[in-house]
Amino acid sequence: MIGAIPIFADVDLKTYNMMPEDLEKKIAWKQDDEMNEQIQLKKFLEEHEIGEEYFVDGIYIIPHKEGKGERPTSGNSVLIHYKAGFLDGTHLDDTYFLNKPLEVRLGDPDQLLPGFNIGVRQMKLGGHATFIIPSLYAFGEKGSTNGTVKPFQTLIYEVELVAIF
């Protein structure tokens, strides 16, 4: 019989769980980021005179052209052109650059940001609108996986509904 071997005899074990003070700091940073987003969004809305009349299901939708016909619903595929950016005017993405609209099916998981999905469902064929999408309906507290969109960042999309099928 082999005797007991004191594996951890001279090792000072440390736990890697967050200590309460570290957790408090993380929560405070998160709350600061959320608050900063709200402050920046409120300032943007005031500067551009965008009122609550444009607030629909958690996002702001500013129509530029009404469009015609029915609105798309869950299960419809749509072609959409868009330009995306941030509140400070920084460019994010653009389907016009390659002249290739995005084709997506509404209601399918992971096809569109929740706020984008809400906005497109409010449009009619040929319609043109701007969506202001707070982080809660965009990339949230994590930001985008590639890091382009930081946590708690509001997005702006200029959108044209090209086709519904």
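Data block above holds the structure.
A. Quick peek at the environment of valine 120. Looking at where valine 120 falls in the secondary structure, it is placed in helix H2 (residues 114–120). Here the alpha-carbon distance between valine 120 and arginine 71, two residues 49 residues apart in the chain, equals 8.2 Å. With near-sequence residues (within four places) excluded, valine 120 lies in contact with Pro72, Val78, Ile80, Leu106, Phe131 and Leu161.

B. Region of the structure containing the packing of aromatic side chains. Taken as a whole and judged by the stated rule, the model has 5 aromatic pairs. With a centroid separation of 4.7 Å and an interplanar angle of 85°, the aromatic rings of phenylalanine 116 and tyrosine 157 are classed as edge-to-face. With phenylalanine 116 in helix H2 and tyrosine 157 in strand E7 (residues 155–164), the pair connects residues that are 41 residues apart, well separated along the chain. When sorted by exposure, phenylalanine 116 lands in the same class as tyrosine 157, which is buried. A network of ring pairs unites the aromatic residues Tyr82, Phe116, Phe131 and Tyr157 as a single cluster. Directly above the ring of tyrosine 96 sits lysine 83, whose terminal nitrogen or CZ lies 5.6 Å from the centroid.

Conventions we followed
Residues numbered from 1 in each chain as written. Predicted model: local features only at pLDDT ≥ 70, side-chain atom pairs only at ≥ 80, totals over all residues. Heavy atoms only, no water. Helix = DSSP H or I, 4+ residues; strand = E, 2+ residues; numbered from the N terminus. Contact = heavy atoms within 4.5 Å. Phe/Tyr/Trp six-rings, centres within 6.5 Å; stacked < 30°, edge-to-face > 60°. Buried < 20%, exposed > 50% of the residue type's maximum accessible area, 1.4 Å probe, protein only. Lys NZ or Arg CZ within 6 Å of the ring centre and 35° of its normal.

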